[in-house]
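Observations on chain architecture
Listed below, chain by chain, are the residues.
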Amino acid sequence: MPQLAKPRISARVAAMSESATLAVDSRAKALKAAGRPVIGFGAGEPDFPTPDYIVEAAIAACREPRFHKYTPAGGLPELKSAIARKTLRDSGLAIDDAQVLVCNGGKHAVYEALATLLDPGDEVLLPAPYWTTYPEAIRLAGAEPVVVATDERSGYLASVEALEAARSERTKLLLLCSPSNPTGAVYPRAELEAIGRWALEHELWVLSDEIYEHLVYADAEFHSVAALVPELSDKVVIVNGVAKTYAMTGWRVGWIIAAADVVKAATNLQSHATSNVSNVAQAAALAALNGDLEAVHEMRAVFDRRRLMMVAMLSEIPGVICPEPKGAFYAYPSVKGLLGKEIRGRSPQSSAELAELILEQAEVAVVPGEAFGTPGYLRLSYALGDEELKEGVGRLAALLGEAR
C-alpha cells in the first residue's frame, strides 16, 4: 500500500495564528502603497524617530571592531549592568547582572521566558483582552492558556476572585501586562499587590510584561509586582525592552529579569536559538538607558494629548463605549452596540466583520477584538500624527453614524 504523505508543516507551527496586529498593519501599508488613502490604527509602535543620541551611538558602534564579532549570548556585560541600574531607578527593584538576559525584542523575551518555565500539561492564567502573541507563545511551550475574561465594567482588570476561580492544580503561571496592550489598563498598587500575594500563597509564577512602564497618564502609576511583593520576586519573570519607551521597535532589544537559575537556563536556550542580539542594537540600547528621560517625557505628553482626543471623539459615536485608557497608546472601545445594525447595506455580526467593513468603506484600519480574545471590541493605536488621528476617527464616526 502507498504510504500516506507526511505533513509538510509541523503540527505545533501549523496550529499558530498569524499576528493579527501585524497583518492589519501590513494590509494598511499595502493599500497605501497602491494609492489608497488608508489611515492605519493597527500598529503598536511610536510614530516618532529614535532620539538622535541613540542613533549616533549605533553609528559609533558600527566602527568598533569588537562589535563585528560574537559577544556573550546573554548580552553585553555593560548593557546588563545598565538594565540593572534602570530597573532599580524605575521599579524600585534591586537586581544583579546575573539576573538579566538580553533578547531580540520583547516578543522574543516572552517566548523564551515561557519556554524556559513551562512543560506540557501546565496551565497559564491569561487575562483577556490579551496581546495576540501570548496564547501562541504559551502553546508553543506545550502549555495551555486559561483565559480569564474582563471587560469595560471592571476597567479591563482581572480580580483575585476571577483568577482564583480559573486556577486549577495544573496552573503554574499567571501572565500580567500592566500597562496593558490592548486596553491601556493599569493595575492600581493595591490590586496588583493583592494579586501578587495571591500568587505567592498558591506558589505560582508570574510573568510581568512591563514594556509600557513609562507610558502612564493622569493619576495612574506604574508598579512592578516584584517590588510590591518582595517575597514573590524569586518567582517573578519581568519582560521589558527599549521598543516603546524610546521609539525603538525596529532595533529589537528586549530583556528578561528573573532569578539567576532561570536566566541561566534561558541563556542556554538563546545560545542555541539565536546567540547574541545584534551588537549595534545593544550599543544603541545602552545609550538609551544611560541617557535621561527627557525625550521619553516629551513623547508621553504627545501621547497623552492624543489619548484624550481619541477617547472624546470615539465616545461621541452612538453605539460605541470607550473607557479612558490609563497607559500604553491604545484605546479599546466596545462596539457591541453596533453589531447587527445595517451600515451601507451590510449588517456586521462580529467586530471582525465590522473592522473589514470599516477598512473597505472608510479606508481606516483597526484591529478587531477577536485578535485579543474578546469579540465585540476594536483596538485603535493613537501612536500616529494628530491630523491623521482626527481624520481617521472622523471617517470612522461618519461611517458608524449611518448604523440603523
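The shown structure was predicted, so the numbers you read here are calculated from the model rather than taken from an experiment.

1. Here's the deal with the pattern of salt bridges
Two side chains of opposite charge can pair, provided their charged atoms sit close to one another. Under the criterion given, the structure shown has 22 salt bridges. Residue Asp90 pairs with Arg89 through a salt bridge whose shortest N-O separation is 2.7 Å. A relative accessible area of 19% places Asp90 in the buried class. Taking the shortest distance from any N to any O, the salt bridge between Asp386 and Arg305 comes out at 2.8 Å. Of this pair, Asp386 sits in helix α14 (residues 386-400) while Arg305 sits in helix α12 (residues 294-315), and the two are 81 residues apart along the sequence. Of the residues examined, Arg305 reaches a relative accessible area of 43% and is grouped as partly exposed. Here the salt bridges share partners, and the residues they tie into one network are Asp47, Arg305, Arg306 and Asp386.

2. Comments concerning empty space enclosed by the protein
Under the definition given, this model contains four cavities of 30 Å³ or more. Taken as a whole, the largest cavity encloses approximately 150 Å³ of empty space. Around the largest cavity, the lining comprises 17 residues; the ones closest to its centre are Pro127, Pro129, Cys177, Ser180 and Tyr187. Of all the secondary structure elements, the ones that give two or more residues to the lining of the largest cavity are β3 (123-128) and β5 (171-177). When the residues that make up the lining of the largest cavity are grouped by side-chain class, the tally is 13 nonpolar, four polar and no charged.

3. Quick word on the pairing of β3
Counting buried residues in β3 gives six out of six residues, a clear majority hidden from the surface. In the sheet, β3 pairs with strand β4 (residues 144-149) via six bridges, with the strands oriented parallel. Of the residues in β4, the one forming a bridge with Val124 is Pro145. Crossover handedness for the path β3 to helix α6 (residues 133-140) to β4: right-handed. Where β3 lies against β5, three bridges are found, and the strand directions are parallel. Within β5, the residue paired with Glu123 across the bridge is Thr171.

What counts, and where the lines are drawn
- Think of each chain on its own: its residues are numbered from 1, step by step along the sequence as written.
- Side-chain atom pairs in this predicted model are given and counted only at pLDDT of 80 or more, local residue features only at pLDDT of at least 70, and totals for whole chains, interfaces and linings cover all residues.
- Computation of side-chain values covers all heavy atoms of the structure but excludes hydrogens and water.
- Whenever a carboxyl oxygen of Asp or Glu lies within 4 Å of a side-chain nitrogen of Lys or Arg, that contact is scored as a salt bridge.
- Here's how the labels work: a residue is buried when its accessible area is under 20% of the maximum for its type, exposed when over 50%, partly exposed in between, all with a 1.4 Å probe on protein chains only.
- Elements are defined by DSSP. Helices are runs of H or I of four residues or more, strands are runs of E of two residues or more, and each kind is numbered from the N terminus.
- Cavity means a closed set of points on a 1 Å grid over the protein atoms alone, one where a 1.4 Å probe fits but cannot get out, pocket means an open set with protein on both sides within 12 Å along at least 5 of 7 lines, and lining means a residue has an atom within 4 Å of a point.
- Grid points are joined across faces, edges and corners, and a volume is the space filled by probe spheres set on the points.
- Gly is put with the polar residues, along with every residue not named as nonpolar or charged; the nonpolar set is Ala, Val, Leu, Ile, Met, Phe, Trp, Tyr, Cys and Pro, and the charged set is Asp, Glu, Lys and Arg.
- Strands qualify as paired when DSSP identifies two bridges or more between them.
- If you view a crossover with the strands going away from you and the path from the first strand over the helix to the second runs clockwise, you call it right-handed.

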